[in-house]
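The lines below spell out each chain.
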Amino acid sequence: MSTTGFRRSEPTEFLKYVVRTKGQNTGVEIHFNGVNFFNLKDKIDLSKITQHLTLVRKTAYRVPEFVFTDALSSVKSLYFLIHCKLELKHSFYEKATRRDAWFNVKSSMELLGIGKSTLLFHMTIIDMSDDEILASTLIKMTKVDSTTRRSSNFSDSFLAKHARFAQIGTSKLPPFKLMKAPEDSFNHQFVIRPSDTDANGHTSNSIYAMLCLDCADLAASKYDFFKRFSGDFEKPRLIERYFAKECGEGDTVNAVVWEDMHSTTMLHFQLLKDSVLLFQADIDFYPRDNILSKL
């Protein structure tokens, strides 16, 4: 089954969505013409990738045929992103160095499994010129009661209706391992700006990772903090993120970064407000010195 449609998202961009069936999993594929994933320095911008994936997710929610749509029908429930694992392929960076800043891509989202109160999705960004995967991610959403703001289980009838997904569960994205930051970690404080927040007044998901990268860049460039790290800050390879608490405009956030004990290309990050954990990320970077061309 396939359905096509158009919606206007930005002044110069039109979206075409296609609902497709892949095996027993229903997914949504969206075609984008002229997408810019770059910052002012002509480097891949992680925040723009995150914003693109968010747009794909929100568009998929509006497609009537999408298997997940019925879960959104209750006004008493909200769905929050709690855990995601994003991989950026080395071809993404290679292509970025030999073409202009615009990509024509097809981005997809499909439901993989259902837990008691969670949903696991798989998303991809594919270059339409050669069907090569540029990025892929697993994301876990949790169902939250809109009144109590606490986790809320799915009804038995919902789980029965989607039994094939409930049987699979969400184990393909294992629970995130929370860590204790070493005492000699690097710390820097940021204040959340109005432009960092979304329509609900909460800090946007993309901002959390950018604060971490800014903290690492500051630690390296101004304080020469890292002793073993040999990764390229401009080329994240694998980013695993865990969202614990919300924060908003005007909040002071303490960013913490430290080196991995075993890998010279991985850094660990935490964001805290009044010593309470808001966010944690493990980021593995491609090595420096343009080793991508040798991979």
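Up top is the structure these notes are about.
Thoughts on the packing of helix α1 (residues 46–61) against helix α5 (residues 205–221)
For step 1, the next point in the chain: As a packed pair, α1 and α5 sit with axes 9 Å apart at the nearest point and diverge in direction by 165 degrees. Between α1 and α5, the crossing angle belongs to the class labelled roughly antiparallel. As for the relative orientation of α1 and α5, their crossing is right-handed in sense. On α5, the residues touching Leu46, Ser47, Thr50, Gln51 and Arg57 of α1 are Asn205, Ser206, Ala209, Met210 and Leu213.
For step 2, the next point in the chain: Grouping the constituent residues of the contact of α1 with α5 by class yields four nonpolar, five polar and one charged.

Some points on α5
For step 1, the next point in the chain: Its 17 residues give α5 an end-to-end C-alpha distance of 25 Å, which sits within 8% of 24 Å, the value for a rise of 1.5 Å per residue.
For step 2, the next point in the chain: When we look at burial in α5, the residues that qualify are Ser206, Ile207, Tyr208, Ala209, Leu211, Cys212, Leu213, Cys215, Ala216 and Ala219.

Thoughts on the pattern of salt bridges
For step 1, the next point in the chain: The full count for this structure, using the stated rule, is ten salt bridges.
For step 2, the next point in the chain: Asp130 is paired through a salt bridge with Lys95; the nearest N and O atoms lie 2.7 Å apart. Placement of the pair is Asp130 in the loop between β6 (118–127) and β7 (132–145) and Lys95 in helix α2 (residues 90–97), with a sequence separation of 35 residues.
For step 3, the next point in the chain: For Asp130, a relative accessible area of 40% puts it in the partly exposed group.
For step 4, the next point in the chain: When the shortest N-O distance is used, the salt bridge between Glu246 and Arg149 registers 3.4 Å.

Section: the environment of Thr170
For step 1, the next point in the chain: Considering the arrangement of structural elements, one finds Thr170 in the loop between α4 (163–168) and β8 (186–191).
For step 2, the next point in the chain: Classification of Thr170 by relative accessible area gives buried; the value is 14%.
For step 3, the next point in the chain: Taking the C-alpha atoms as reference points, Thr170 and Lys140, 30 residues apart in sequence, are found 7.8 Å from one another.
For step 4, the next point in the chain: Leaving out residues up to four positions away in the same chain, Thr170 has contacts with Gly113, Ile114, Gly115, Thr118, Leu119, Leu120 and Lys140.

Topic: the nonpolar core
For step 1, the next point in the chain: Counting 68 residues, the largest nonpolar core has Phe37, Ile49, Leu88 and Val257 as its most contacted members.
For step 2, the next point in the chain: When residues in this core are grouped by element, the largest group, nine residues, is from α5.
For step 3, the next point in the chain: With residues near it in sequence (within four places) discarded, Ile49 still touches Phe37, Ile44, Leu86, Leu88, Phe92 and Ile125.

Section: the side chain of Gln280
For step 1, the next point in the chain: For Gln280, the location among the structural elements is in strand β12 (residues 276–287).
For step 2, the next point in the chain: A polar contact is formed between the side chain of Gln280 and the backbone nitrogen of Met179, at a distance of 3.2 Å.
For step 3, the next point in the chain: Setting aside residues no more than four positions away along its own chain, Gln280 makes contact with Phe176, Lys177, Leu178, Met179, Glu240, Arg241, Tyr242, Phe269 and Gln270.

Analysis parameters
Residues numbered from 1 in each chain as written. Predicted model: local features only at pLDDT ≥ 70, side-chain atom pairs only at ≥ 80, totals over all residues. Heavy atoms only, no water. Axes fitted to C-alpha atoms, helices over the stretch in contact; angles between N-to-C directions. Helix = DSSP H or I, 4+ residues; strand = E, 2+ residues; numbered from the N terminus. Parallel < 35°, antiparallel > 145°, perpendicular 65-115°, else oblique. Left-handed = near helix turned anticlockwise from the far one by under 90°. Contact = heavy atoms within 4.5 Å. Nonpolar A, V, L, I, M, F, W, Y, C, P; charged D, E, K, R; others polar. Expected span 1.5 Å × (residues − 1). Buried < 20%, exposed > 50% of the residue type's maximum accessible area, 1.4 Å probe, protein only. Salt bridge = Lys/Arg side-chain N within 4 Å of Asp/Glu carboxyl O. Core = buried A, V, L, I, M, F, W, Y, C linked by side-chain atoms within 4.5 Å. Polar contact = N/O pair within 3.5 Å; in protein donor to acceptor, adjacent residues only side chain to side chain.

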